[in-house]
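Breakdown of the fold
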Amino acid sequence: MDLRTFLTNLPSFSGFSPHDIVTLEGVLQVRSYSPGQVFTRQGEPGEAMYVLLEGNVRVTQDDPIAGISHEVKELHAGELFGLLSLVSQVPAAATCTAGSPVTAASLSREDFDRLAQAAPHLGHHLYYMVAVQLARDLQTRNRSMRELLKREVAAVAAR
């Protein structure tokens, strides 16, 4: 697989110049992973952001109130995950586990810091992507809190 062509065709990097893509490609580490490999664990800081090249990754979240874990979504080639890992010590919002043999390109926090120093506009773009992910996570948590509050109000009203 040609990583440069793959990155060029991803919507996340559509605004990148050919030089930017080459720079990004230069800091990514491509590896293969076995099914069951845990990339991020909910509540723990991650180690890297990943671009899924082949295979699928299951995204699950634990519900401490109900005491269960449920699958939120399944990721496929071309999707990114672990973005919050680029921000030092931010805990992952979900657990991401290889559901099949996976090939992924990773960007560690340390390599991201070096990239942001060498190519600030690329660092800013990735920070923007992190901010968007944080906003999505906050919206999801707010919806969950509203649902929990509705159930609590209904339970009190039923008494």
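Everything quoted here is computed from the prediction, not taken from an experiment.

With respect to the sheet that holds strand 2 (residues 38–40)
Read across the open sheet, the four strands follow the order 2-7-4-5; overall the sheet is antiparallel. Because the sheet does not close on itself, it has two edges, and the strands there are strand 2 and strand 5 (68–75). The mean angle between the axes of side-by-side strands here comes to 30°, regardless of whether they run parallel or antiparallel. Relative to strand 7 (residues 95–98), strand 2 runs antiparallel, the two sharing two bridges. For V38, the partnering residue across the bridge sits in strand 7 and is T97.

Some thoughts on the sheet that holds strand 8 (residues 102–108)
Whenever strands of a sheet pair, they do so through backbone hydrogen bonds, lying parallel or antiparallel. Strand order in the open sheet formed by four strands is 1-8-3-6, and the pairing between neighbours is antiparallel. The two strands at the open ends of the sheet, each matched to only one other strand, are strand 1 (29–33) and strand 6 (80–81). Here strand 3 (residues 48–54) runs beside strand 6; their pairing, made up of two bridges, is antiparallel. Bridged to Y50 within strand 6 is F81.

Quick notes on the rules
Residues numbered from 1 in each chain as written. Predicted model: local features only at pLDDT ≥ 70, side-chain atom pairs only at ≥ 80, totals over all residues. Heavy atoms only, no water. Pairing = 2+ DSSP bridges. Helix = DSSP H or I, 4+ residues; strand = E, 2+ residues; numbered from the N terminus. Axes fitted to C-alpha atoms, helices over the stretch in contact; angles between N-to-C directions.

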